[in-house]
Amino acid sequence: MTRVGARLAALGLTLLLVALPAAQAQAGQQVPQAVQEPQQGKKIVRLGVTQAVDSMNPFLAVRLVSSSIHRWMYGYLTVPDSKTLQPSPDLAESWETSDDNLTWTFKIRDAKWSDGKPVTAQDAVWTFNTIMTVDAAKQANGPAVENFESVTAPDDRTLVIKTKKPQASMLENPIPIMPKHVWEGVGDIGAFENDRYPVVSSGPYVVVEHKKDAYVKLKANPTYWRGAPKIDELHVLFYQNPEAANAGLKKGDIDLIGRLNAPQFEALAGDPNIVQWNTPGRRSAYLQLNHGAQTIDNKPVGDGHPALKDPKVRQAIHYAIDKQALVEQVQNGLAVPADGSIVPPMYQEFFWKAEGDDLVTHDAAKANQILDDAGYKKGADGIRTMPDGERKLEMRFSIHTDTPVEDKLAQFLTGWFKDIGIALSTKKLDSNKFTEETGFTGLFDIAISGWSVNPDPEEVLATHLCSRRPTASGEGGGTESFYCDPEYEKLYQQQLSELDRAKRVDLIKQMQRRLYTDAPVIALYYPNNLEGYRKDRIAAITPIPEDKGILYGGSGYWPVYSLQAAALPAGPADGGSGTGLIVGAVVIVVALGAGGFLLARRRRSVADERE
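This report concerns the structure included in the present document. Here the residue index of a chain counts from 1 through its sequence in written order. In view of the model being predicted, local features appear only for residues whose pLDDT reaches at least 70, and side-chain atom pairs are presented and counted only at 80 or more, with totals across whole chains, interfaces and linings using the full set of residues. Only heavy atoms go into the side-chain values, all of them from the structure, while hydrogens and water stay out.

**What to know about the state of the cysteines**
Note the cut-off: Any cysteine sulfur atom paired with another within 2.5 Å is treated as part of a disulfide. A run of H or I in DSSP counts as a helix once it spans at least four residues, and a run of E counts as a strand once it spans at least two, with each numbered from the N terminus. The classification of residues rests on relative accessible area computed with a 1.4 Å probe and restricted to protein chains. Under 20% of the type maximum is buried, over 50% is exposed, and intermediate values are partly exposed.
Per the counting criterion, the structure on display carries one disulfide. Note on cysteine connectivity: C466 is disulfide-linked to C484, with sulfurs 2.0 Å apart. Taking the sign of the S-S torsion, about 95 degrees here, the bridge from C466 to C484 comes out right-handed. Here the residue C466 occupies a position in the loop between α14 (458-462) and α15 (486-497), and C484 occupies one in the loop between α14 and α15, the gap between them amounting to 18 residues. For C466, a relative accessible area of 15% translates into the label buried. Residue class for C484 comes out partly exposed when judged on its relative accessible area of 33%.

Right, dumping it as structure tokens:
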């Protein structure tokens, strides 16, 4: 099907489904109940998520749920060690570098694809060269190969990557290795959905079914080089909202749910069958300030408030925010105030904490003084105007619809901003519109955002590079701030090639300091990792890192690979429940999301949903 055809088909499906009786449409929360009926005797774990897959194509997918599923499906050169999070062998069983640190030679292990064909170095060559040469393939991980000079394979077991400059993050390469014999005949990678099931892969699981915005069904891969997982199937079921997913966990419709916010996590307390999992998180939540959005060729875009171009206004806004109050009142104490930037304290080595003159604390008087000194005078209504008197400081705060935590956050910010003479109005957007306005068209003033950070923070740091801004037509992108700062760019390039670990860490901390003091983004807090699972269904699971780490959404596949589940009790014959019930249920959920999915298909996903 062509891209246009697919869109029309999806649109038609959407229109058909929205015409269903209201009572049926409202049954969206019942969907996972139907999907979750597994076959007897099989060891199946059902994971509930509230984020739909943006693409099953690893070259295109950017959402956390998508990249997580890809980690479970595909092998990488390396994988984070489950204890230390340091790079450990995956498809590359060993490696060495040249004396000038410009040539990396990897030995590819003897492994097989799920269709029985051997994994070879040619697969890695095809994967990396495709991203290096095909624009459409750069969407998910393009920056990871920007420093590659060439990628070759002298033989099937040897992979040679030559870089333009030394690359300190080479062993944290985030790109899954794809089967060349399957993908070289795909054609237009940007239009390929990777929907030929079962999907040929080399990781612990193989995707055997997927219905957009409804579910993904994976089976254990018997040819996986570490050995097959201890469960037969892993089902990923999509809920429309966290409350419905929470109810599903309590009822036993699903077995595990991650990325809960504080109220949902607390609602699980007291259930004897549920284990509450509260550990340090890998996410940072922050405000994105439209300081003058531009496209990659430096053309202004959007309608951001001009006052936000002034660093003093951004600084005053930073002083207006009481982060400790947000932690206590919005996150119910289940977070850490952000006295730093976008790297959370979970990663102690890279975490930068503001101190001394850099530290910004809640101080409305100081915020007012900054604005007074900069010429932003208050009017009779208490709202300030620009120094030229032409425009009031009336700004919009973009949040997602149906996200109560963001509503609560908006209430606090509105009050604090009013105290310093800035009128803030809340603008609620669905996920697709939010993505479009905050990532491409620049039609916002201030927006909620966030990111789940990898053990090596280079990826999240790269989202603030000039090169991540979108083109005029809305292609490419991946920016988290429309930031383009010479000092920040210089530091990024320096850390990229700095092989002395301590010196590189220092450069990365300098980058965080630059973001903190210039404030294109303002970190609010670092949410705890809040999850829950049913102990009557999950016999064992190993977090990452193993010492009180993350179950769903962590770096690597260890938790889902280590899953052990109790076999279901005997009962009525299955009657083909798996596929039949799934398909019957899918239509309701698809009605809620199919149209939007395709509209967002090639756009950057909101950071709140990103890796």
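Next comes the rest of the description.
**Overview of the environment of A144**
The line we're drawing: Whether two residues touch is decided by their heavy atoms; if any such pair falls within 4.5 Å, the residues are in contact.
In this structure, A144 sits in the loop between α5 (121-133) and β6 (148-155). Residue A144 is classed as buried on the basis of its relative accessible area, which comes to 15%. A C-alpha to C-alpha distance of 9.4 Å links A144 and F128, two positions 16 residues apart in sequence. Other than its neighbours up to four places away in sequence, A144 contacts Q167, N173, P174 and I175.

**Side note on helix α4 (residues 64-73)**
Counting buried positions along α4 gives ten out of ten residues, so the element sits mostly inside the fold. Those residues of α4 that fall on the buried side of the exposure criterion are L64, V65, S66, S67, S68, I69, H70, R71, W72 and M73. Buried-residue contacts for α4 involve β1 (44-49), β8 (205-211), β9 (215-220), β10 (233-238), β17 (446-452) and α17 (558-562).

**Quick look at the packing of aromatic side chains**
In plain terms, the rule: Centres within 6.5 Å make a pair out of two Phe, Tyr or Trp rings, where for Trp the six-membered ring is used; the pair is then stacked when the planes are under 30 degrees apart, edge-to-face when over 60, and tilted otherwise.
This structure, assessed with the given rule, holds 18 aromatic pairs. Judged by centre distance (5.3 Å) and plane angle (70 degrees), the rings of F59 and W183 are edge-to-face. Within this pair, whereas F59 is found in the loop between β1 and α4, its partner W183 is found in helix α6 (residues 180-183), the two being separated by 124 residues in sequence. With a relative accessible area of 4%, F59 lands in the buried category. Between the aromatic rings of Y483 and Y488, the centroid separation amounts to 5.7 Å while the plane-to-plane angle is 70 degrees, which identifies the pairing as edge-to-face. When its relative accessible area of 0% is taken as the criterion, Y488 is described as buried.

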